[in-house]
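# Coordinates in review
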Amino acid sequence: MDLMEKIVSLAKRRGFVYPGSEIYGGLANTFDYGPLGVELLRNIISLWWKTFVHKRDDMFGLDSAILMSPKVWEASGHTASFTDVMVDCKSCKIRTRADHLIEDHFESQGKEKKVEGFTPEELTKIMSSEKIKCPSCGKVDWTAARRFNLLFETKVGIVPENQSQVYLRGEIAQGMFVNFKNVLDSFSPKLPFGIAQAGKAFRNEITKGNFIFRTLEFNLAEFEYFFNPKKEKWEDQFKYWQDQMWEWTTKTLNINAKNLRWRPHTDEERSHYSKRTEDIEYKFPFGFKELYGLAYRTDFDLKNHTEKSGVDLTYFDQEANERFIPHVIEPTFGISRTFLALLVESYSQDGDRKYLKLDPKLAPYKAAVFPLLANKPDLVKKAKSIYDDLKKDFNVDFDDRGNIGKRYFSQDEIGTPYCITIDFQTLEDDTVTIRDRDNTRQERVKVTEINAFLQKSLS
Ligand code: GAP
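Overview of the structure. (Residues numbered from 1 in each chain as written. Predicted model: local features only at pLDDT ≥ 70, side-chain atom pairs only at ≥ 80, totals over all residues. Heavy atoms only, no water.)

## Considering the sheet that holds strand S23 (residues 431-436)
Pairing is mixed in the open sheet, where five strands are placed in the order S21-S20-S22-S23-S24. Sheet topology places strand S21 (396-398) and strand S24 (442-446) at the edges, where each strand pairs with a single neighbour. Across the sheet, the mean angle from the axis of one strand to that of its neighbour is 25°, orientation sign disregarded. The pairing of strand S20 (residues 367-371) with strand S22 (residues 418-422) spans five bridges and is classified as parallel. Bridge pairing in S22 places Ala367 opposite Tyr418. With respect to the sheet, helix H13 (residues 404-413) is in contact with S20, S21, S22, S23 and S24, its orientation differing from that of S20 by roughly 170°. (Pairing = 2+ DSSP bridges. Helix = DSSP H or I, 4+ residues; strand = E, 2+ residues; numbered from the N terminus. Axes fitted to C-alpha atoms, helices over the stretch in contact; angles between N-to-C directions. Contact = heavy atoms within 4.5 Å.)

As structure tokens, this is what we get:
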């Protein structure tokens with residue numbers, strides 16, 4: 001089994017990630033987060049929120065609606081430009097992304113070629129000159145490449161004649177732009193400041209598999225950082241946020257820097273709204289791929305929303321006695337991809353022992369409590385009372401099944417950093433053993449000190 005297969009299997013078996021709608025044969029490119037997955041996911045989002053919203057004085061949180069007026073997506077350019085280029089095989093009728101076909105074709109020859117953002121005409125030319133075969137039927141019989149919009153359409157209203165078409169948000173950033181004036185009016189912040197949110201985005205995408213790397217709906221966290229381009233150089237802002245993103249990835253999430261790299265976008269692949277974009281890529285088992293993005297969106301969005309809505313989205317700088325549209329830097333963090341990167345990064349094997357070396361801050365359970373023997377009522381009672389106490393402050397697990405070795409095995413596999421065992425000595429001197437997941441060493445700790453021990457590991 002390769003690493004990806006091991007991770008997908010563990011994720012399903014141990015309740016991290018399940019295939020979506022599985023009992024009905026599944027719905028491609030959708031996944032459900034299970035009882036342990038939802039804990040890991042929420043821990044990532046909370047840590048992100050704490051880092052970029054709570055710890056800063058210049059950031060305002062937001063939770064905007066997923067459904068927005070379709071005018072938002074016209075003004076933002078998404079209805080016109082948020083597209084993938086697709087081709088159909090005339091022989092077997094499969095529809096797939098032209099850029100993926102071309103990139104895979106070159107990869108199979110040991111070459112790297114990035115063609116994301118190429119025009120349909122350019123992609124059609126390459127498909128034809130390279131005589132790229134259909135991965136499904138093997139024929140070379142493609143339609144010309146055409147653009148397809150990624151926005152999911154849905155309808156608002158229950159009376160068919162009065163229904164209006166809306167979109168599920170393709171990015172969460174537009175929530176920040178359409179609420180820019182609201183935040184200005186409520187808080188009168190001074191530039192530079194940011195508006196941040198974390199939530200789901202939806203894209204009607206074709207994927208290459210790779211588990212939760214690319215899905216139809218996914219978790220995203222991002223902020224728009226507004227500044228005055230006359231006072232702050234955008235290059236300095238860009239560099240500042242590049243450093244902050246790197247620090248989050250390598251220090252807060254503890255992802256090894258050797259598995260990460262920055263990659264600037266080419267002119268062809270850069271989004272319609274951006275003057276400069278760089279991605280942080282992570283070395284997934286299927287290659288270096290985008291984890292996060294950083295874009296200089298200029299005043300593109302606020303300017304377009306001002307023009308299209310007729311509402312003034314300028315900022316008044318009292319010192320300079322000047323009114324202008326702020327520019328914006330946008331750091332964006334794929335949370336679902338962070339989840340996958342953390343599983344890849346933390347998956348460890350030591351002989352037969354498999355463990356997830358997750359940072360305690362992110363681990364679903366902070367500790368598991370065991371009575372040494374399940375058939376000794378005194379041990380079980382004491383273990384339950386310690387468990388009940390810890391539950392008030394931490395997400396902890398209780399396990400009295402099987403033998404202690406099996407329980408360690410089971411907790412290691414889900415990344416629980418500490419296993420607390422209540423044994424006969426506990427009944428005499430009120431101490432427990434605490435076993436460390438990473439080095440399997442045990443130490444004796446007073447029951448009254450367990451809480452502080454766990455708090456320290458989380459700080
Ligand atoms: N507001 C900017 C924006 O949405 P993006 O590069 O299109 O930028 C942001 O997406 C992040 O979302 C990416 O860096 C990536 O981590 C993640 N992402 C994009 N499409 C995804 C998908 N289909 N499934 C999972 N994550 C995705």
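## Regarding the pattern of salt bridges
Applying the stated rule across the entire model yields 37 salt bridges. With a shortest N-O distance of 2.7 Å, Arg95 and Asp88 are connected by a salt bridge. A salt bridge links Arg444 to Asp423; its shortest N-O distance comes to 2.8 Å. Separated by 21 residues along the polypeptide, Arg444 in strand S24 and Asp423 in the loop between S22 and helix H14 (424-429) bring together distant segments of the chain. The buried category is assigned to Asp423, whose relative accessible area is 13%. Each of Asp84, Arg97, Asp99, Glu205 and Arg214 takes part in a single network of salt bridges with overlapping partners. (Salt bridge = Lys/Arg side-chain N within 4 Å of Asp/Glu carboxyl O. Buried < 20%, exposed > 50% of the residue type's maximum accessible area, 1.4 Å probe, protein only.)

## Overview of H13
Along H13, the positions that sit buried rather than exposed are Arg407, Tyr408, Ser410, Gln411, Asp412 and Glu413. Regarding H13, its N-cap is Asn403, as a side-chain oxygen of that residue lies 3.1 Å from the backbone nitrogen of Gly405 further along. (Polar contact = N/O pair within 3.5 Å; in protein donor to acceptor, adjacent residues only side chain to side chain.)

## What to know about the side chain of Thr426
Looking at where Thr426 falls in the secondary structure, it is placed in helix H14. For Thr426, a relative accessible area of 1% puts it in the buried group. A distance of 2.8 Å separates a polar side-chain atom of Thr426 from the backbone oxygen of Thr431. Excluding its chain neighbours within four sequence positions, the residues that come into contact with Thr426 are Lys382, Thr421, Thr431, Val432, Arg444 and Val447.

## Describing the nonpolar core
In terms of nonpolar packing, the biggest core is built from 56 residues, with Phe16, Phe333, Phe339 and Leu340 touching the most fellow members. Among the elements that make up this core, the one with the highest residue count is helix H2 (residues 35-54) (eight residues). Counting residues in each nonpolar core, the second largest holds 20 residues, with Ala367, Val369, Ala383 and Tyr418 among its members. (Core = buried A, V, L, I, M, F, W, Y, C linked by side-chain atoms within 4.5 Å.)

## Some points on the sheet that holds strand S5 (residues 83-88)
Strand order in this open sheet of three strands is S6-S5-S7, and the pairing throughout is antiparallel. Across the chains shown, the open sheet's two edge strands, defined by having one partner strand only, are strand S6 (95-97) and strand S7 (146-149). The sheet shows a mean angle of 50° between the axes of neighbouring strands, taken without regard to direction. In the sheet, S5 pairs with S7 via four bridges, with the strands oriented antiparallel. Across the sheet, Thr83 pairs through a bridge with Asn149, a residue of S7. Set on the sheet, helix H5 (residues 98-107) makes contact with S5 and S6; between it and S6 the angle comes to about 65°.

## Regarding the packing of H2 against helix H9 (residues 234-252)
Contact geometry for H2 and H9: axes closest at 12 Å, N-to-C directions at 140°. Between H2 and H9, the angle falls in the class oblique. The element H2 and its partner H9 pack so that their crossing is right-handed. Residues Ile44, Leu47, Trp48, Thr51 and Phe52 of H2 touch H9, and the partners they reach there are Trp241, Gln244, Trp248 and Thr252. When grouped by side-chain class, the residues that make up the contact of H2 with H9 number six nonpolar, three polar and no charged. (Parallel < 35°, antiparallel > 145°, perpendicular 65-115°, else oblique. Left-handed = near helix turned anticlockwise from the far one by under 90°. Nonpolar A, V, L, I, M, F, W, Y, C, P; charged D, E, K, R; others polar.)

## So, unusual backbone geometry
Note: most peptide bonds trans; most residues except glycine with negative phi. In this structure, Pro192 follows Leu191 across a cis peptide bond, with omega equal to -5°. Note that Pro192 resides in the loop between helix H8 (180-187) and strand S10 (193-202). For Asn29, which is not a glycine, the phi torsion comes out positive at approximately 65°. Residue position: Asn29 is located in the loop between strand S1 (17-19) and strand S2 (31-33). Within the chain, Asn321 stands out as a residue other than glycine whose phi angle is a positive 50°. Topologically, Asn321 is positioned in the loop between strand S15 (315-317) and strand S16 (322-324).

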